[in-house]
Amino acid sequence: MKPLEKIIRKEIRAKGPMRLDRYMALALTHPDHGYYTSQDPLGAGGDFITAPEISQMFGELVGLWMADMWHRMGQPADVIIAEAGPGRGTLMADALRAIRRAAPALAARPVWLIEASPALKKVQETALGDADIHWTDGSDPLPRTSPMLLVANEFLDALPVRQIIMRDGELREHAVDIVDNALTMVDAPLAAAVPDGLPLLNEGEIVEIGPGREDWVEAVAFHIAENGGAALLIDYGHEATAPGDTVQAMKKHAYHPVLEKPGTADLTAHVDFAAVARAGWRDGTSVFGPIGQRQFLLRLGMEARLAQLLKSADGPTANNLTAGFRRLTDPTHMGHLFKVLCLSATANGTPTGYGDDETFSDRT
Ligand code: SAH
């Protein structure tokens with residue numbers, strides 16, 4: 001048995017069934033044995049692959065978005081660039097290359113990376129060696145009091161969720177227990193209050209809530225309201241809060257049992273964009289979208305960028321570029337399931353990539 005499973009079992013024996021969000025937090029970011037903290041899980045040889053690892057165009061377009069937003073904001077000299085969960089640093093490296101061409105003064109500004117993984121920090125340091133990089137471990141998501149342009153791709157899905165379940169007419173919640181000597185999901189009494197306004201559940205239905213996610217998004221929205229700036233939150237998920245069990249583990253690009261060998265597989269939950277948008281809405285910060293990743297990338301000019309890159313590409317490179325474009329934008333791949341939500345200082349007006357009528361409308 002791996003050390004992390006021993007630690008989890010010991011805590012369950014001492015304190016009783018472990019709430020799912022606690023289990024996810026330990027599996028992903030336990031300081032010594034967590035999935036992210038102990039290794040580099042990304043890329044073709046890893047467990048899953050993400051948009052910036054699929055195509056350089058993804059990060060380039062995010063960089064152009066940042067440059068454009070910075071101009072809209074009146075080019076504040078004290079702006080910082082930020083990324084939450086930067087993985088291998090690929091998105092930021094591609095973004096900075098594009099920003100250097102579009103807005104060189106912005107590319108010279110400090111880049112703050114919110115990262116819990118010492119292993120990935122090393123990879124990021126190599127990828128971003130020539131930029132002015134600073135790290136924070138995520139306990140404080142907001143490193144400075146300057147206007148901020150932030151991106152987070154596949155970060156929110158890694159922040160833990162609770163699963164609330166209707167059992168015999170009563171709300172209970174999923175927790176991990178030891179049954180017949182195996183880690184087993186059980187229905188435990190609610191360990192803490194649940195927010196108002198959850199959808200009505202039928203017997204056996206589950207709804208997921210992400211208190212840690214919402215706190216994090218609230219902190220970003222607060223920073224933007226106070227200091228200016230904008231954030232792009234990109235992830236897979238749904239537009240409305242709805243019942244469903246979306247917690248999943250991935251290993252070597254295949255699904256893996258959620259409770260098997262914790263810390264050896266990625267563990268995520270789909271993002272409830274309605275909950276995230278509600279958390280992000282406050283006086284001074286407006287919320288736009290979510291819109292599909294396809295729509296967002298096409299509006300930022302991905303087709304033109306593809307055409308430009310194809311002009312100087314050899315055969316295999318051209319095939320890669322075209323395949324990457326399809327994978328990121330095709331509705332049957334990542335174009336629809338992946339969504340892009342924008343928090344933006346109200347003073348910025350409508351952010352790049354969104355229409356005036358695309359403010360988030362569900363404010364209940
Ligand atoms: N954005 C990258 C990587 C996504 S994987 C990409 O698109 O390729 C998730 C990233 O979030 C990793 O860098 C992981 O180490 C980081 N992460 C996960 N949970 C975290 C937490 N609680 N605090 C800070 N970083 C976290």
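One can find the structure itself at the top, above this paragraph.
Attention in this report is confined to the structure presented alongside it.

A few words now on the pattern of salt bridges. Counted under the stated rule, the structure contains 13 salt bridges. For R162, the salt bridge identified is with E173, shortest N-O distance 2.8 Å. With R162 in strand β6 (residues 162-167) and E173 in strand β7 (residues 170-179), this pair connects stretches of sequence that are 11 residues apart. Residue E173 is classed as buried on the basis of its relative accessible area of 1%. For the salt bridge of D187 with R167, the shortest nitrogen-to-oxygen distance reads 2.6 Å. Linking D187 in strand β8 (residues 182-189) with R167 in strand β6, this pair joins segments that are 20 residues apart in sequence. A single salt-bridge network, built from bridges that share partners, covers R19, D21, R162 and E173.

The antiparallel open sheet is built from three strands, whose spatial order is β12-β11-β13. Either end of the sheet is taken by a strand with one partner, and the two such strands are β12 (254-256) and β13 (266-268). The mean angle between the axes of side-by-side strands here comes to 40 degrees, regardless of whether they run parallel or antiparallel. With three bridges connecting them, strand β11 (residues 248-251) and β12 associate as antiparallel partners. The residue of β12 that forms the bridge with M250 is Y255.

What follows deals with the nonpolar core. The biggest cluster of nonpolar side chains holds 49 residues, and the ones touching the most others in it are W65, L106, L149, L232 and F296. Per-element accounting of this core gives the leading share, nine residues, to helix α4 (residues 56-72). Setting aside its immediate chain neighbours within four residues, L106 contacts M66, A67, W70, V79, I81, I99 and L149. Listed in part, the 29 residues of the second largest apolar core include I80, V217, I224 and A279.

Structurally, V247 is set in the loop between β10 (229-238) and β11. Classification of V247 as buried rests on a relative accessible area of 12%. Between the alpha carbons of V247 and Q163 there is a distance of 8.9 Å; along the sequence they are 84 residues apart.

Turning our attention to the pairing of strand β9 (residues 206-209). Across the two faces of β9 the burial is the same, with I206 and E208 and V207 and I209 all buried. With four bridges joining them, β6 and β9 adopt antiparallel strand pairing. Along β9, the bridge assignment pairs R162 with I209.

Attention shifts here to empty space enclosed by the protein. Using the criterion set out here, one finds one cavity of 30 Å³ or more in the structure. A volume near 40 Å³ is recorded for the largest cavity. Forming the boundary of the largest cavity are 13 residues, of which V258, E260, P262, G263 and A265 lie nearest the centre. Its residues assigned to classes, the lining of the largest cavity shows eight nonpolar, three polar and two charged.

Okay, the site of the ligand next. Near the ligand lie 20 residues; those nearest to it are T50, G85, G87, E115 and N153. In this structure, T50 approaches the ligand through a side-chain N or O atom, which is 2.5 Å from an oxygen atom. One of the backbone nitrogen or oxygen atoms of N153 is found 2.7 Å away from a nitrogen atom of the ligand. The fraction of the free accessible surface of the ligand (570 Å²) that becomes covered by protein chains is 94%. One can see that the ligand is located within the largest pocket. Residues of the shell around the ligand, tallied by class, amount to 10 nonpolar, six polar and four charged.

Think of a pair of aromatic rings as described by two things: how far the centres are apart, and how the planes are tilted against each other in angle. Taken as a whole, this structure holds six aromatic pairs when the rule is applied. Their ring planes at 70 degrees and their centres at 5.2 Å tell us that Y35 and Y36 sit as a pair that is edge-to-face. Each residue in the set F288, F296 and Y354 is aromatic and connected to the rest through ring pairs, giving one cluster.

Here we come to the side chain of D266. Mapped onto the elements of the fold, D266 is located in strand β13. At 2.9 Å, the side chain of D266 forms a polar contact with the side chain of Y36. Not counting residues within four places of it along the chain, the set of residues in contact with D266 comprises L28, Y35, Y36, F48, Q248, A249 and M250.

Moving on: unusual backbone geometry. For the peptide bond that leads from G289 to P290, omega is 5 degrees, which places it in the cis range. The phi dihedral of K261 is positive, around 45 degrees, even though this residue is not glycine. Tracing the backbone through its elements, the reader meets K261 in the loop between β12 and β13. Given the relative accessible area of 42%, K261 is considered partly exposed.

Scoring rules and cut-offs
Residues numbered from 1 in each chain as written. Predicted model: local features only at pLDDT ≥ 70, side-chain atom pairs only at ≥ 80, totals over all residues. Heavy atoms only, no water. Salt bridge = Lys/Arg side-chain N within 4 Å of Asp/Glu carboxyl O. Helix = DSSP H or I, 4+ residues; strand = E, 2+ residues; numbered from the N terminus. Buried < 20%, exposed > 50% of the residue type's maximum accessible area, 1.4 Å probe, protein only. Pairing = 2+ DSSP bridges. Axes fitted to C-alpha atoms, helices over the stretch in contact; angles between N-to-C directions. Core = buried A, V, L, I, M, F, W, Y, C linked by side-chain atoms within 4.5 Å. Contact = heavy atoms within 4.5 Å. 1 Å grid on protein atoms, 1.4 Å probe; cavity = no way out; pocket = protein on both sides within 12 Å on 5 of 7 lines; lining within 4 Å. Points joined across faces, edges and corners; volume = space filled by probe spheres on them. Nonpolar A, V, L, I, M, F, W, Y, C, P; charged D, E, K, R; others polar. Near = heavy atom within 4 Å. Polar contact = N/O pair within 3.5 Å; in protein donor to acceptor, adjacent residues only side chain to side chain. Areas by Shrake-Rupley, 256 points an atom, 1.4 Å probe, with all protein chains shown as cover. Sits in = over half its atoms within 2 Å of the grid points. Phe/Tyr/Trp six-rings, centres within 6.5 Å; stacked < 30°, edge-to-face > 60°.

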